[in-house]
Structures are given as structure tokens and as C-alpha cells.
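Reading the structure
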Amino acid sequence: MSLSKLAVRGLLRNRFRNIATMIAVSVAVLTFVLLRTVITSWTTAADYAPKDRLVTHHKVTFVMPLPLRYVELVRQSDGIRLATYASYFGGQDPKHDRETFVSWAVAENYLEIFDEFSVSAQQKQEFLADKTGAMVGDVLANKLGWKVGERITLESGIFPSAPDSPWTFTVRAIYTASSSSVDRSTFLLHWSYLNDALPQARQNQVGWIATRTTDPKRSGQIAAALDQKFASDEVQTQTQDEKSFQASVLAASSTVLRAIATISLIILLIMSLVLGNTIGMSVAERLREFGVLRALGFESRYLVTLIIAESSLMALVGGLLGLALSYPLIERGIGVAIEQNMGTLLPHFKISPQIAAMALIGVIVIGGLVAILPAYQATSLRVSEALRKVS
Amino acid sequence: MSTAVAAASVKKEQPSVQAACAIRLHGIEKSYPRGGERVQILDGINLDIAEGSFEALMGPSGSGKSTLLNILAGFDRPSAGEVTVAGTRLERLSDSALTKWRAGTIGFIFQTFNLMPVLTALENVELPLTLINLPRAERRRRAETALRVVGLEDRMHHFPRQLSGGQEQRVAIARAIVNDPSLILADEPTGDLDRQSAAVVLELLEKLNREFKKTIVMVTHDPVAGERASVIRRLEKGVLQ
């Protein structure tokens, strides 16, 4: 017989209430782990970017376009091995208006720089040969039921089509990817097709220029030199390695990330209230029992330890249950779907050991903290007063 | 002190006057504030209880019997006066020291048994031994011995809900004696029991007093229970008669 055994047996009292509390803790842990995994996956997306790839965009914001002539100027710059460009198309299939996907109008050599796309040589060739051809990710193709050779029509909010000439494409290639950081739901079209169809005032503009450098270690210097080159031109640029570029995109999403982080903490707060309520009720019901223990010679510190141990144990069991549910649900369920559909934004959607440890240690600490007030309540009464309490 | 001893009704063979004092109370007062006034519960109690005696404390409800017992056990403190139990001045001890002292000196038997519902009879009896640095096997052995003394060796692994009231009280007695205390305090130990179970419990208390030389102070309403004690003291309105 020991106090730890007494704490374990304490979980067997009022089983319905204790089990309900442990389930509530497990759901809170599951939600906390999910939200923290979103944050971690989001913030580490940049880590998957190649070190030698630079992105040049408008200095004010990456939403504003650059002149097409910059591409050639960039390509001729010192330290640049390859250069390509793309513009955000913003396409949507009117037949599937609830499905959103990313669509880029890309240059002919786009796939030389973004070589993480995995596509057969024949399909690639057919895509490059057809100006109205499209290359789509396999996840997107499966979702919308597109096959190679299929004719599809898209609408664009950024580049509205003329009423008599809609944006029509033929699916020429379907790509996959080995890395989870590659979004397999992207739609690629030819920039030349877009450019030729635009009014003259909007022609010959690109969203951003992507380059590969000759030496990844010099990427910072090369980026600075590029921006210096356009410093006194009509449009100033900002060049970053892809990791920094993604970090700046991330910074734009920092409010969302902060909101997710706040929600995850609110969930822990709600969990602590549920746990605290259960422990508080349990102690209030057992004041007489604690009086008996003190009558038997147990000092207040034993009772405080017992109550905190009971609370932490309940939190630990709930936390372990939550983690046990999190792994299959997140890593085999939600995580797979997220990696397939949002791989660019949330690559490697896996529970890190740090998150699991944070969740587990967090619930144990919270379990201990919420028990402090009930423990004080249990030990502040005189033994004679506690013995008069009705169990 | 001597007046109280003289006032006691001697029912059986009284312990020798020369016997050492297990309990000595001097000028004990206890009052509580209630509705802006102080209610006097105990009023100038002087009392000596000799080692090895079995005394019953009787009186009507509200006479202060249980309050006096709580003071003897160190559950409560007097408003005034000196309490010496087993040679220790209780009012000088801190709460923590008082608790430690209680663990080694007092065995307490409650009217409502107060067993831990989630522990077996054996574990309940073993509970006070966790405060002593004893090997697990030795704790187990002592708890089993205590249960044998109260005749419950065949109910060791039963939970309180699986025992009758009389059996629960016997487990509580085993818990009270497992630390081998010199003094056993019992608050209405037969109050929740039927006549037959009450008789078994009283026989046990007599046995503990007679064979194991335990000093026993028992608060009771029940005249039949009081008859088992060697000395009966009566308390009325906080004053020993």
C-alpha cells in the first residue's frame, strides 16, 4: 500500500465523471497536437526549398507584376545559371466551383528550374508542344476527374476571358512528386497563352522571376546584386532565396498563425477548467476522507501530494489517450490528405516529438496546477471540522 | 484532577492510583463563536486517566463529549488549558508535529468506520504503516496480524462495500491498533451497529485493554457499551459531573 497506489485507485472513484474528464483531456490534446502540427508544418515549409533557387518579385509586394524584359536582364546577371518566370492565374473550374486550386501561367523552361515535378517524358513533351496544354497534379486530376487529353474550361478572376473566347485547355500531362513539399494539386498553363490573350496594356508582365544560382553559398550576394541592378529602374525588385521568400509569405500569414497558436492555448485553458472542476468536485466530496487521513497521522504535505498526483495522473491518462488517437488520425488520416492537397503550404504534416512532449508535459503540469486550490481546501480545515463533513 | 477522578463512577476494578497518567487535562475550555456570541462547549475540565484503563465518556448530545475526545486526539485545540497525552503537551505542538505525534501514539475509532472505499480491508489496515519506514513485507505482516486480532483474516481482500457494518468497524479497529499505539480513542464505536455487532466490537475493545494493555477512552451514548468500561465519566453542558 502506498500513496501512489491510493492515487491510482482514486481514478476508480466516480468512474463516469473521471472517464468523461479523461476523454475531454484526450480530445483537447488531440486538437492541441493538430493545431501545433499545422503551425510547425507551415513554418518549416521553407526548409524544404532548394538553397540555390532565388525568387525576384516587385519590391512593394509579390502581388504586383514585373516587366517581362527583367527576365532576360536577370538571366544575364553574374552567378545566375537558369531563369524562368510565372504569373498567378487564379483559375477556377466553373463545373466545380467549390474546389479551389493554385494555377500558374509558366514559362517554357519552368520545369527546368522547378525540377521536383515528376512527369513522364512523353507527357512533358506534349505539354510543352501545346500552347493551350495544361499540366496538373495527380491529386487535383483525381479530385476533379480529369484525364490526359480532356478539354477543360476555367474562369479567372484576375484575367477575365472575353465572352466569346473562354480559357480553354487540354490536359496534356499529369505530374506526381516524391517529396511531400510539392503541391500535387497545382494547375500549370503556358504563360504565352495567357499573355497573347490579354489586352495590350496587360501584356508582357510576369508575377515573379525564379532563378538558380551557380553557387548556393553566394545566393545572398547574387540576390543583392540583382536588386541593385534594378534599383534605379521603373520597378524596383526584391530578391530572396526561396526559403526567405516563403518566410515573407509566412510573415504575411503571421496573424493566422498567431490565431492558431492562441486557439491551441485556449483549448488547454478549457481543458484545465474541465480538469480543475473534476478535481475540485472530487476533493469537495472527500473532505471527510482527507480528515480521516490526517487523523491517521498523514501530514498536509502527503495530502497535497496525493491530490496533485491524482489530478496529474488523470491528465496523464487523458494525454496519453489523446496522443494515441493523434498519431493514426493525423499521420494516417488528416495528414495524408493535407500533404496531398496542401503540400506547398503544409509539407511534412507529421507530429514532431517536440509537440508530443509539449502536449504531454503540458497536461501533466496543468493537472498539477489545477489541483493546488482543491489541495489547499482539503488541508486548510481542522481535522475535527473535516470529520464533520458529510461524504 | 483528583476531583474528576473521584467523580468518576467506578464500575469495575479501577487501575491503581499510583499508575502513570496516560492523559492529564487541566482547566480545559473550549468555546466557538456563533452569531456574534461565544458558545461554551467545555468549561474547566480537569481530568486524569491512568495508563491501561478503559474509560467511557457519557452524556447527552451537545454535552461536549466528542469535542473533548477531539482535543485528546489533537484533532482540535482547546481555547484554554493544558493537555498532556502520553507525556506530550499537545498545545505546544505545531499542526505538523501534532499530526506526526498522532501517527505514533493514537489509534482512533470512528462511529462511521471511515474506511477508504477504494482500498481492501488489508490495504486500509496497512495505510497508517506507510508513514513508517518499514519494508513492504513487514507492513503486510503487521496488517495481517492486526486483522487476525479482530478475527477478519478471511476478509482481508474484501473492499468495505463487501463487508457488514460490524466487519467494517473491526477493520477500523485493526487499523487503529496496527501501529501499536498506547492510547485508543473511540467515538461512538457501536453507534452505527446492531446489538450483535456492537457486542463483538465491545468485546474486542475489552480484549485490547485486558490483553494488550491499551488505554481506551470511549465516547458513547449507549449504557450497554458504557457498562464494558472500567470507569464511566459523565459530562453535562461541558462540565464533568
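Attention now goes to the sheet that holds strand β11 (residues 208-213) of chain A. Residues and elements named next belong to chain A. Here we have ten strands laid out as an open sheet, ordered β4-β7-β8-β6-β9-β5-β3-β11-β1-β12, and mixed in their pairing. Edge strands, defined here as strands with exactly one partner in the open sheet, are β4 (91-92) and β12 (237-241). Alignment of β4 against strand β7 (residues 151-156), held across two bridges, turns out to be antiparallel. Paired with Gln92 across the strands is Glu155, a residue of β7. The strands that helix α5 (residues 121-129) touches are β6 (133-137), β8 (167-175) and β9 (187-190); relative to β8, the one it contacts most, it runs at about 160°. Relative to β12, helix α8 (residues 219-229) is tilted by about 170°, and along the sheet it contacts β1 (53-58), β3 (80-88), β11 and β12.

Residue and element names in this part refer to chain A. One pass over the full model with this rule turns up 34 salt bridges over all chains. With a shortest N-O distance of 2.9 Å, Asp233 and Arg69 are connected by a salt bridge. One end of the pair, Asp233, is in the loop between α8 and β12; the other, Arg69, is in helix α3 (residues 69-75), and 164 residues separate them in sequence. On the accessibility criterion, Asp233 (25% relative accessible area) is partly exposed. With relative accessibility at 41%, the residue Arg69 sits in the partly exposed group. Overlapping salt bridges, with partners in common, bring together Arg13, Arg286, Glu289 and Glu310 in one network.

Examined against the element boundaries, Ser384 of chain A turns out to sit in helix α15 (residues 383-388). A polar atom in the side chain of Ser384 of chain A sits 3.3 Å from the side chain of Asp76 of chain B. Ignoring anything within four residues of it in the chain, the contact list for Ser384 of chain A reads Asn70, Phe75 and Asp76 of chain B.

Attention shifts here to the interface of chain B and chain A. Interfaces are often described in size by the accessible area the parts lose on coming together. Counting residues at the interface gives 27 residues for chain B, matched by 21 residues for chain A. A combined buried area of about 2,400 Å² lies between chain B and chain A, and 59% of that area is made up of carbon and sulfur atoms. Contact with chain A buries surface across chain B, with Phe75, Val118 and Leu131 of chain B losing the most and accounting together for 23% of the total. In this structure, the connection of chain B to chain A is made through three salt bridges. Salt-bridge contacts for Lys5 of chain A lead to Glu123 of chain B; the nearest nitrogen and oxygen are separated by 3.0 Å. In this structure, the connection of chain B to chain A is made through nine residue pairs in polar contact (both at pLDDT 80 or more). Among the secondary structure elements, those contributing two or more residues to the side of chain B that touches chain A are α3 (95-105) and α4 (121-126) of chain B.

Bringing the sheet that holds strand β2 (residues 21-34) of chain B into the picture now. All names here are of chain B. Across the sheet, which stays open at both edges, the four strands sit in the order β3-β2-β5-β6 with antiparallel pairing between neighbours. Since the sheet does not close on itself, it has two edges, and those belong to β3 (37-50) and β6 (88-89), each with one partner. Note that strand β5 (residues 80-85) and β6 share two bridges and pair antiparallel. Each residue of the ladder has a partner; that of Val85, found in β6, is Thr88. Helix α2 (residues 65-73) contacts β2, β3 and β5 of the sheet and is inclined by roughly 120° relative to β2.

Let's shift gears to the packing of aromatic side chains. Evaluated as defined, the whole model comprises 21 aromatic pairs over all chains. Relative to Phe159 of chain A, the ring of Phe89 of chain A has its centre 6.3 Å away and its plane inclined at 15°; by these criteria the two rings are stacked. One end of the pair, Phe89 of chain A, is in the loop between β3 and β4; the other, Phe159 of chain A, is in the loop between β7 and β8, and 70 residues separate them in sequence. This pair shows no difference in class: Phe89 of chain A is buried, exactly as Phe159 of chain A is. For the pair Phe117 of chain A and Tyr175 of chain A, a centre-to-centre distance of 4.7 Å together with 85° between the ring planes defines the contact as edge-to-face. Residue Phe117 of chain A is found in the loop between α4 (110-113) and α5, and its partner Tyr175 of chain A is found in strand β8; the two are separated by 58 residues along the sequence. As far as the burial class goes, Phe117 of chain A and Tyr175 of chain A line up, both buried. Pairwise contacts between aromatic rings join Phe89, Phe101, Trp146, Phe159, Trp167, Phe169, Phe187 and Tyr193 of chain A into one cluster. The cationic tip of Arg161 of chain B hangs over the ring face of Phe159 of chain B; the distance from NZ or CZ to the ring centre is 4.9 Å.

Next up on the list: helix α11 (residues 287-296) of chain A. Among the ten residues that make up α11 of chain A, ten are buried, leaving the element largely enclosed by the rest of the structure. Regarding α11 of chain A, the residues found buried are Leu287, Arg288, Glu289, Phe290, Gly291, Val292, Leu293, Arg294, Ala295 and Leu296 of chain A.

Before going further, it helps to examine the domain arrangement of chain A. Here chain A is described as being made up of domain 1 (3-46 + 253-388) and domain 2 (65-234). Using C-alpha coordinates to define each centre, domain 1 of chain A is positioned 48 Å away from domain 2 of chain A.

Our focus in this paragraph is empty space enclosed by the protein. Inspection of every chain in the model, using the stated rule, returns four cavities of 30 Å³ or more. Here the largest cavity is characterised by a volume of approximately 80 Å³. In this structure, the largest cavity is lined by Ala295 and Leu296 of chain A together with Arg102, Ala103, Ile106, Gly107, Phe108, Pro128, Arg175, Ala176 and Asn179 of chain B. Looking at the lining of the largest cavity, the elements with two or more residues in it are α11 of chain A together with α3, β7 (106-109) and α6 (165-177) of chain B. When residues in the lining of the largest cavity are grouped by element, the largest group, three residues, is from β7 of chain B. Empty space within the second largest cavity amounts to approximately 40 Å³. Every residue along the wall of the second largest cavity is listed here: Leu47, Ile49, Glu55, Ala56, Leu57, Leu68, Leu72, Val217 and Arg233 of chain B.

Procedures and definitions
Residues numbered from 1 in each chain as written. Chains lettered and ligands numbered in written order. Predicted model: local features only at pLDDT ≥ 70, side-chain atom pairs only at ≥ 80, totals over all residues. Heavy atoms only, no water. Pairing = 2+ DSSP bridges. Helix = DSSP H or I, 4+ residues; strand = E, 2+ residues; numbered from the N terminus. Contact = heavy atoms within 4.5 Å. Axes fitted to C-alpha atoms, helices over the stretch in contact; angles between N-to-C directions. Salt bridge = Lys/Arg side-chain N within 4 Å of Asp/Glu carboxyl O. Buried < 20%, exposed > 50% of the residue type's maximum accessible area, 1.4 Å probe, protein only. Polar contact = N/O pair within 3.5 Å; in protein donor to acceptor, adjacent residues only side chain to side chain. Buried area = accessible area lost by both parts, 1.4 Å probe. Phe/Tyr/Trp six-rings, centres within 6.5 Å; stacked < 30°, edge-to-face > 60°. Lys NZ or Arg CZ within 6 Å of the ring centre and 35° of its normal. Domains from an automatic or database assignment. 1 Å grid on protein atoms, 1.4 Å probe; cavity = no way out; pocket = protein on both sides within 12 Å on 5 of 7 lines; lining within 4 Å. Points joined across faces, edges and corners; volume = space filled by probe spheres on them.

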